[in-house]
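Architecture and fold: a report
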2 protein chains.
Amino acid sequence: MAEILHDVVGIGNAIVDIIGRCKEDFLVRHGAPKGRMRLVDAETVTTLYEDMGPGMEISGGSVANSMVGVASFGGRAAFIGKVADDEFGKIFAHDIRAAGVTFDTRPSSGGAPTARSLILVTPDGERTMNTFLGVSPELAQGEVDADLISSARIAYLEGYLFDRPEAKAAFRQAADIAYKAGRQVALTLSDPFCVERHRSEFVEFVRSRVDILFANEAEIIALYQTHTFEEAARIARSATKLAVLTRSAKGSVIFHGENATTIAADRIKHVVDTTGAGDLYAAGFLYGLAAGKSIETCGRLGSLASAEIISHIGARPETPLAKLAAARGI
Amino acid sequence: MAEILHDVVGIGNAIVDIIGRCKEDFLVRHGAPKGRMRLVDAETVTTLYEDMGPGMEISGGSVANSMVGVASFGGRAAFIGKVADDEFGKIFAHDIRAAGVTFDTRPSSGGAPTARSLILVTPDGERTMNTFLGVSPELAQGEVDADLISSARIAYLEGYLFDRPEAKAAFRQAADIAYKAGRQVALTLSDPFCVERHRSEFVEFVRSRVDILFANEAEIIALYQTHTFEEAARIARSATKLAVLTRSAKGSVIFHGENATTIAADRIKHVVDTTGAGDLYAAGFLYGLAAGKSIETCGRLGSLASAEIISHIGARPETPLAKLAAARGI
C-alpha cells in the first residue's frame, strides 16, 4: 500500500472566477438561473462579460476551493485539474500553489483557454454562475496521477466533471484508483442542474463507489427525485456510509450508519457573497475526517470555514482557517 | 471653445493590480520599500509573483482609479492610458468602461504586455506596490486626444507618467492642450520616490502649469525638500491656485488663495487595505470641484470616498459613492 502523503486529493475543474455585482433584473435579462451554475459557450461568456459591471478575478473551481480550504486548516492537499498556458492559467496555478496545495497538472498550449466563470452576486449575497469550461475538461487519462491519488486518504471528486465526456472518464478513473488503493472516495453533487443532467449515472456512482457524499438540499432532492428533503435524506442515508447534507442557514445534517448529527450554521452579521459556501464546508469536514476528528467536530469545522467564506467576496479564505479553528478551540 | 462633455479627463498608467497579503519580513526580503511604489522589470515581477501568496486581480492605476471614483459619484469621467491586446488589457478596459468612464485608447499588440502592479498588503493595512509598467508608457502623442481633453473641465495628470520619456511627453502634451483650451490642470505627485526622481521638473511644472495640486505629506516634503510639512505647505500655497494636501488619518488641508480649509478624515472601524486612498480622495474632490461645490464640500467628498476604499481590498469602489454622499447629505 502506498505511503500516505496527503490528506485529500481533489479532482475538478480549474477555473478563475470573475466576480461582479448585479441586480436581479440582469439575471432575468440574460436568462441566468439565480443561485445556480450554467455552462455557457465562448460567445455567451463574451456577451455577458461585456454587459456586466466591473469585476474582480479570483481563482476558483469548486473542488480547487475545497483543497485550498484543507490547506488553510493545515491539512496536506493536492489538486488535479487542467489549465491552459495563458494568463488565467498562470493565475490559477500560482494561487493554488501559493496556498500550499500540491498542483502538478501540466498546462496545455495552443488550444482552448483556461476556464472562467462569470459570477454575479445579487444584493442578497446569492451568487449565480456562468461557466465557460474552455480547456478544463481536457484532462487526459494519463494525467490522473495514480501515485498521487493513492497517496491521499481521501479522493474528492466534483460532480461538475460529469458535464464533459473526457472529464467524466478522468473522474471515473480517479475513483477506481482510489477505490482499488483502499482509499475513501468523496463526491460533491455540485449543483441541482448538474444532477438533473446526469441523474441516473450519479445514483449508480453514489451507490457503487462513494464513501462520503456532499450535497445541499436542492441537489439531494434532485438526485432522488423526492418531494421533501427528509425523504431524500432517508435514501442518501442508506446509499452511502457518510452523507453530509448542507442546508444553508439551517446548518447541516450528517448521516453515518445508524446515527444522525445535526450541526448549526455559524451566525455571521452580513452575507457578502455565498460563492464557495459548500466548497469550504466540505474543506472543513474533509480536513477533520482525515485528521481523525469526531463527526461533530468535522461538521463544526465545515460550518466555521463556510462562515468565513461568505463574509467576503470570492471562494478562497482570506483568514487562515487553522487560526479561526484554534481561536474557537475546535 | 469646445463643448463641455466631461467633468474630468484623466491621463495615467493603465494597470491591473494583483493584490495579496504578506508579513513585514516579506518586504524586507524582497527589498520592497514599505508604503511606497517601486518600478520593477519583467524578471523581478515574475520572481516576486512566484514568492508571494495567493492574489486577487482588480483593475487599478492611480488616475484610472480616480476616474472610476468620479463616475461613481455620478460625474462624467474619461481616461487616456495604454493597455496591450492581452487578458489583462481586456480586464482593464472592461472594468473602466463598465464603471461608466469613457475609455477609447487603442490597445497595442505584439509588444510589451499590459502593466501590472503586485500590491502587498501588510497586517496593518498598508500597501506596498511593485509595478511592472509593460506597455503602459507607450502612449504615442497622437493618442492624447485633443478634442477629448478640451471637452473636460479639468485634466488630471499622474506624476507616475514622468517615469518614462514617452509617457512624460504625452503628459506635457495633455497639459498644454488643457491649458490652451482654458481648462484647469490638476496633478497628483503620486509617490515620494517618484517626486525624488523628477524633483526639479515637477517644481517647474507645478509653478507654470498646475492649477490644482494633490499631494500627501511625504510627497510635498520631497517636492520642496523641507524639514516639516508646514514649511512645504507654505511653499505649495504660493505655487498653485489650489493645493490639496492629504495627511492620512489626520485628514486633509486645502490651500486656496488666502484661505486654508481643514477637513477631518472619516473614521472607519478597520483599515483593510490603503490602496487607492489618495486616488479616491482626489476623485471626490475633483467631482465636487467640477460640480461647483464649495472647497469644504469637495474635501468632505474626498474623505468619504477615501474611507470607502480603505475599508475593503482593491482601489475601485464597491459601493456607489453617489449613494454614500446622498446618505450623508453632502
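On a predicted model such as this, the values are computed, not experimentally measured, just so you know.

Once that is clear, we can look at unusual backbone geometry. Residue and element names in this part refer to chain A. With a phi angle near 75°, serine 190 is a residue other than glycine that sits in the positive phi range. As for its placement among the helices and strands, serine 190 is situated in the loop between strand E10 (184-188) and helix H7 (192-197). The exposure class of serine 190 is buried, given the 28 C-beta atoms found within 10 Å.

Turning our eyes to something else, we now look at the environment of leucine 187 of chain A. Checked against the element boundaries, leucine 187 of chain A lands in strand E10. Look past the residues within four positions of leucine 187 of chain A in its chain and what remains in contact with it is Leu157, Gly159, Val206, Val210, Leu213 and Phe214 of chain A.

On to the sheet that holds strand E13 (residues 252-256) of chain B, then. To summarise the sheet geometry, strands pair through backbone hydrogen bonds and adopt either a parallel or an antiparallel arrangement. Residue and element names in this part refer to chain B. With respect to topology, nine strands assemble into an open sheet ordered E6-E5-E1-E9-E10-E11-E12-E13-E14, the strand pairing being mixed. Of all the strands in the sheet, just strand E6 (102-103) and strand E14 (259-263) have a single pairing partner and so form its edges. Across five bridges, strand E11 (residues 212-216) lies against strand E12 (residues 242-246) in parallel orientation. In the strand pairing of E12, alanine 215 is matched with leucine 245.

Now for the pairing of strand E5 (residues 77-80) of chain A. All names here are of chain A. Burial of the side chains of E5 extends over both faces: Ala77 and Phe79 are buried on one face and Ala78 and Ile80 on the other. Relative to E5, strand E1 (residues 6-11) is paired through four bridges, and the arrangement is parallel. Of the residues in E5, the one forming a bridge with isoleucine 11 is isoleucine 80. Sheet analysis places E5 next to strand E6 (residues 102-103), joined by two bridges and oriented parallel.

Among the nonpolar cores identified, the biggest contains 224 residues, and Ala155, Ala174 and Leu286 of chain A together with Ala155, Leu157, Ala174 and Leu286 of chain B are the most heavily contacted of them. Not counting residues within four places of it along the chain, the set of residues in contact with leucine 286 of chain B comprises Val8, Ser66, Val70, Ile154, Tyr156 and Ala186 of chain B.

It is worth spelling out the relation of the copies chain B and chain A at this point. For the pair of chain copies, the relating transformation is a rotation about an axis with a translation along it. For the pair chain B and chain A, the relating rotation is 180°, the translation along its axis is 0.0 Å, and the fit reaches an RMSD of 0.0 Å. A rotation of that kind, with that shift, is consistent with a two-fold axis. Considering only C-alpha atoms, the part of chain B nearest the rotation axis is glutamate 57 of chain B, at 2.4 Å. Here 100% of the contact residues of chain B are again contact residues in chain A; the copies associate through an equivalent surface.

A few words now on the sheet that holds E6 of chain A. Strand order in this open sheet of nine strands is E6-E5-E1-E9-E10-E11-E12-E13-E14 (chain A), and the pairing throughout is mixed. In this open sheet, the two strands that pair with only one neighbour each are E6 and strand E14 (259-263) of chain A.

The partner chain A presents 19 residues to the 19 residues of chain B that form the contact. Elements that contribute at least two residues to the side of chain B that touches chain A include exactly strand E4 (56-59) and helix H4 (87-98) of chain B. Ranked by the residues each element gives to the side of chain B that touches chain A, the list is headed by H4 of chain B, at six residues. Taken together, the residues of the side of chain B that touches chain A sort by class into nine nonpolar, five polar and five charged.

Tracing the sequence through the fold places glycine 74 of chain A in the loop between helix H3 (62-72) and E5. Separated by 26 residues in sequence, glycine 74 of chain A and glycine 100 of chain A have C-alpha atoms that sit 9.0 Å apart.

All names here are of chain A. For the pair helix H11 (residues 277-290) and helix H12 (residues 295-309), interaxial distance at closest approach is 7 Å and the crossing angle is 145°. For the crossing formed where H11 meets H12, the hand is right-handed. Taken together, the residues of H12 that come into contact with H11 (itself represented by Ala277, Leu280, Tyr281, Ala282, Ala283, Gly284, Phe285, Tyr287, Gly288 and Leu289) are Thr297, Cys298, Gly299, Leu301, Gly302, Ser303, Leu304, Ala305, Ser306, Glu308 and Ile309. Partitioned by chemical class, the residues of the contact of H11 with H12 number 13 nonpolar, seven polar and one charged.

Once that is clear, we can look at the confidence of the model for chain A. Here chain A shows a mean pLDDT of 95. Residues at 70 or above account for 99%. Overall fold confidence for the complex sits at a pTM of 0.95, while the interface term, ipTM, reaches 0.93.

Below, the discussion takes up helix H3 (residues 62-72) of chain B. Residue and element names in this part refer to chain B. A large share of H3 lies buried, amounting to eleven of its eleven residues. When H3 is considered as a whole, its buried residues turn out to be Ser62, Val63, Ala64, Asn65, Ser66, Met67, Val68, Gly69, Val70, Ala71 and Ser72. Of the residues trailing H3, glycine 74 is marked for its positive phi of about 100°.

Turning to helix H9 (residues 217-224) of chain A, a few remarks are in order. Of all the positions in H9 of chain A, only Glu219, Ile220, Ala222, Leu223 and Tyr224 of chain A are classed as buried. At the C-terminal side of H9 of chain A, glutamine 225 of chain A shows a positive phi close to 45°.

Right, let's talk about the pairing of strand E8 (residues 127-132) of chain A for a bit. Note on strand geometry: in a regular strand, side chains alternate between the two faces of the sheet. Residue and element names in this part refer to chain A. Within E8, six of the six residues are buried, leaving the element largely enclosed by the surrounding structure. The side-chain alternation of E8 yields two buried faces, one formed by Arg127, Met129 and Thr131 and the other by Thr128, Asn130 and Phe132. Summarising the sheet, strand E3 (residues 37-39) and E8 pair through three bridges and their orientation is parallel. Among the inter-strand pairings, leucine 39 is bridged to a residue of E8, identified as threonine 131. The pairing of strand E7 (residues 115-121) with E8 spans six bridges and is antiparallel.

Right, let's talk about the environment of glutamate 57 of chain B for a bit. All names here are of chain B. Position of glutamate 57 among the secondary structure elements: in strand E4. Judged by the 26 C-beta atoms lying within 10 Å of it, glutamate 57 is buried. For the pair glutamate 57 and valine 16, spaced 41 residues apart in sequence, the C-alpha separation works out to 6.7 Å.

Reading the values: the criteria
Residues numbered from 1 in each chain as written. Chains lettered and ligands numbered in written order. Predicted model: local features only at pLDDT ≥ 70, side-chain atom pairs only at ≥ 80, totals over all residues. Helix = DSSP H or I, 4+ residues; strand = E, 2+ residues; numbered from the N terminus. Buried ≥ 20, exposed ≤ 12 C-beta atoms within 10 Å, placed from the backbone. Contact = placed C-beta atoms within 7 Å. Pairing = 2+ DSSP bridges. Core = buried A, V, L, I, M, F, W, Y, C linked by C-beta atoms within 7 Å. Least-squares fit on C-alpha atoms with pLDDT ≥ 70 in both. Nonpolar A, V, L, I, M, F, W, Y, C, P; charged D, E, K, R; others polar. Axes fitted to C-alpha atoms, helices over the stretch in contact; angles between N-to-C directions. Left-handed = near helix turned anticlockwise from the far one by under 90°. pLDDT = per-residue confidence, 0-100.

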